[in-house]
Structure formats: structure tokens, C-alpha cells
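Structural description and commentary
Residues per chain are reported as follows:
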Amino acid sequence: MWKSKFIVPLYIVDSVAHDTIHISETIMKKQNIPKAQHITIQFGVHTHAVKVLPNPKKQGLYMHPTMAQQLGIPLLTSKTMQFDIQYSSKLTTIKLGPLLSVLINKETPEDMNKPFGVISSFCRELAESCHATGATVYFFTPTSIPLTGTIINGWILDGVWKKRPMPLAEIIYNRLPTRTIENQAHVQRLFTQTAKKHNLFIFNERFLDKHDVFHALGDDESVKHYLPESFLLEEFSTLEYMVNKYDVLYVKPVQGSLGRGIYRITALNNQKMITLEKASSTSQKPLKFPTVSSLFRVLKPKLAQKKYQIQQGLSVLQVGRSPVDFRALVQKNAKGVWSITSIVARTAGNERFVANLARGGTIDTVTNTLARTNLLQHLDAATMLVALKRAAIAIAQSIDNNIDAHFGELGVDLAIDIHGKVWLLEVNSKPSKNDNTPLHNNKIRPSVRMVVSYAKYLTGFEEGRNPHGSHRIRNSRRKN
């Protein structure tokens, strides 16, 4: 059982023996750390045998530079390092940390103002949040993944960004932006073989497939009422069934993102005319078809190239003629429980039918946007906000229960129809961390603080952690 947390400064000094650490006497008493006995100290996956001596006069943790080097502790020059420390009497181990690593794709040392591209501000906020709470974080790319061993060249924030050897972290937070990179052999080896060998946590370990999500959630009674009717579009009979049933349909790549590659099908005049238009185009006129068969002939080559999902169209709320949807950022908190970090409304750009920001959409608060929509009089914004939050939490929990992967945060896209019913549009396992993400009044975004809280929960540094393993804990480890 890990004792309660203590955040202490770390001092690297030559005055202590190579195999000895000194800890303030107060902390040793409160955590029942045995005096003058050999125990284990751990940072990331690195461990070292040490003898612990109490320091009755000074607060903090003192160790020799050689031990710091062997553990892989980065020696900062801009500030004093501080660690959350935990002691387990069962394992006779002092753990420093937690150590979190973030797998990213972009590093541009030639531009140190934005060394990690559009997520540079997020990376700095995460590093600052970790330092303030006794955690440590580094950032690394797939090219830094070692073939063997437990050392990774990662970026740490020491006033400026520096690249240095770091121990393999207990937690890997996957922020790779594409499936192609994520599926590279050495990345998958890290997520499977290495993670299993060292008992690592990996969260947001993969992208979600739209069809797989709807298929998995469709059997869950707690959320199936949020799902518009959807099918994998492979056969003419599926298209014919959906066109006969709905006046408006959406055809989406099952592995698409940012609103790319979405088509809208509209049946006019009792299906005497069917139109097809693409979300990314406003200048091109909709294609017109006299029959479902003629429409399918045009779609068929596209279906041969990639998988598409066909989905029931919805009469969603609009601002003017622009449809509105809602993005809820749902994250696991310091107790490992799904919670709403933020929820915003997105309004489609002029003459567009998707509200994604990458397709010209705009963002505002839910309350402000609902006040501008065609919301019916008997529905109020407060009631709808509660309904959106309830749906987002339920959907995230269902993802946890029904999809074999570990997620610590999800972007849940929802819509409200003109009757006030909430619908699921899609779930994004890599919600945006771009530098243009609207900030709150705080310097560090609440979403960043939540990542740190969840990392501490997973590694036992939060009191909400159940060391005996609940259902949530079991699902947190990499599944093999």
C-alpha cells in the first residue's frame, strides 16, 4: 500500500555516500520509512538499492550525483527539482514521480519557439503543471524509441527545451496525430512487447474507428438511444435502404478526421432527385442523380478505396442556416473516473454542413450558442447542457466497457435535434491540443491539469487509486 503523497525538493550533493539518500526525518516518520536499511528507490522503470538515513534539520531529499545519473533523474539548472514521493512497505520501495512521457510526432530544434509544432504551448503547460505537482514529463518521437534497453532520448523543460537521455516512463501518453505513424512496427512494439515487459500504462493508445464505435455502443442499452442509425456502406442494398428511410444521410470515412471526406446525400421530391455534396467544397454544385442506382455507381469507386459509414441525417439546431454541434472533452480524473473538463458549441461556416473548426466553423460557449439557435421555447439552455454532459459521460464509460483499449480522454461530438434529443456524432481519441485552443483565465488549461492528475492516479500517487485493482484499474494496463 502506497503511503500518502509528499512533494519534496531534490538536492544533488557530493556530501552523501553513493548508495545512500537522506530524507527529512518528518517524512520518514509519516511514511514509516525504515532507518539505515537497504530498500529500493524507483524513478520511471529504473530502480536502485539504497540506504536511507533521516535528516533531522533539513527538509527535502538528498542524493549523490552518481545515483541521480543511474536513476536517470534530469539535473535542472533553471530550478530545483521536486518530487512527489511514495513509500510502499510491502515492496520496500520509495517511488519518485510519477514520470510521464508523451509520444509526439514533431520536433523542430531549429525553431525553439515552437519545437513541437502546433502543440508546443500544450507541451510547455504540461511540463509546468508536472513540476508544480511533483511529477516529471518528457516528450519523445518514434525515432527515439530504442531497439533495446530502457533509455529514451526525450525533451525536458529546463527554462528552455533540452534533449537528454531519460528512463522509460511508467506512463506513455500517445499523442501521435496519424494512424500511419501509430501503426509503424517500432511504435507497436513499444505499445505491446515493451509495455508488457515493464508493466507500463499507455493511454489513448490508438485511434477509434467510427464504425467500430457505433457497432460496440449499439449493443449497450445505456447509450444506444444516442446513436443515429448507421451502417458500414459496402453494398447497394444498404444505400437503397437508407435513402428509402431518410431524406438526408451522411457518408463518412470510418477513419477520417477534421471533417475531411464527408458527403451529404439529400433525397428530394419523393426521391425523384437525389443530390450528393462534399463537406470540403462550397464552390462545387451538388451532383444530381435520378436514381439510387446511379448514385451508387458514383460512390462505388470511393468505397473500393476506403471504408465509409452511412449515417442517418438529423434535423439539428442551427444558427441561421448553419448547423451546430457540441464537443465535450471528457477526461479521467484523480480518481480514475470520467468527468467533463469542457464543453463548447461549434457552428458551421457559411454554406457548410459540418461544424468542424478545420472546415471553417466557429466556437463559442454552449449557453451563448443555444440562445442564437432555433431551440424550441419549452427547452432551456441549462437543461440541454445537463443532457449533453450526461450523454458525454455515458458514452465515454461505454467506450471503456466495450472497446479493448485504454483511454484517458475523449472528444465526444454531440448534436441536439429540433425536438431537444441528444445524438452522438462521433468520438475522437486524440482531441485537439493545438496552440489555438481557447484558453481559460488560467495560464495552464484545466485539461492539462487533468492529464497530470490521471497520471498520478494510475501510478498510485493519488489517494483515489485502488491498489487492489478495480475494473477501471484492470482496464488501465495495456491489454494483450
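The structure this text deals with has already been given above.
Residues numbered from 1 in each chain as written. Predicted model: local features only at pLDDT ≥ 70, side-chain atom pairs only at ≥ 80, totals over all residues. Heavy atoms only, no water.

**Quick look at the overall build of the protein chain**
For the protein chain, the count of helices and strands is 12 helices and 25 strands. In the protein chain, which comprises 480 residues, the proportion classed as buried is 54%. Partitioning the intrachain contacts of the protein chain with sequence separation of at least 6 by distance along the chain shows that 68% fall at a separation of at least 24. (Helix = DSSP H or I, 4+ residues; strand = E, 2+ residues; numbered from the N terminus. Buried < 20%, exposed > 50% of the residue type's maximum accessible area, 1.4 Å probe, protein only. Contact = heavy atoms within 4.5 Å.)

**Focus on helix H7 (residues 236-245)**
Listed as buried for H7 are Thr238, Leu239, Met242 and Val243. An end-on view of H7 places all buried positions within 125 degrees of arc, on one side of the element. (Arc of directions from axis to C-beta.)

**So, the sheet that holds strand S14 (residues 230-232)**
Picture the strands of a sheet paired through backbone hydrogen bonds; they go either parallel or antiparallel. Spatial strand order, S14-S19-S15-S16-S17-S18: 6 strands in an open sheet with antiparallel pairing. Of all the strands in the sheet, just S14 and strand S18 (287-289) have a single pairing partner and so form its edges. Sheet twist, expressed as the average angle between the axes of neighbouring strands with direction ignored, equals 20 degrees. The strands touched by helix H6 (residues 210-217) are S14, strand S15 (248-253) and strand S19 (308-312); relative to S19, the strand with the most contacts, the crossing angle is about 50 degrees. Relative to S19, H7 is tilted by about 20 degrees, and along the sheet it contacts S14, S15, strand S16 (263-268), strand S17 (273-278) and S19. (Pairing = 2+ DSSP bridges. Axes fitted to C-alpha atoms, helices over the stretch in contact; angles between N-to-C directions.)

**Digging into the environment of Gln184**
By the element assignment, Gln184 lies in the loop between helix H4 (179-182) and helix H5 (185-198). Accessibility expressed as a relative area gives 30% for Gln184, which makes it partly exposed. On a C-alpha basis, the gap between Gln184 and Pro142 in space is 8.7 Å, while along the polypeptide they are 42 residues apart.

**Looking at the pairing of strand S12 (residues 171-174)**
Side chains of S12 alternate between two faces, with Ile171 and Tyr173 and Ile172 and Asn174 buried alike. Pairing of strand S8 (residues 99-103) with S12, which is carried by 4 bridges, proceeds in the parallel orientation. When the sheet's bridge partners are listed, Val102 is paired in S12 with Tyr173. Bridge count for S12 against strand S13 (residues 201-203) is 3 bridges, and the pairing is parallel. Within S13, the position partnered with Ile171 by the bridge is Phe201.

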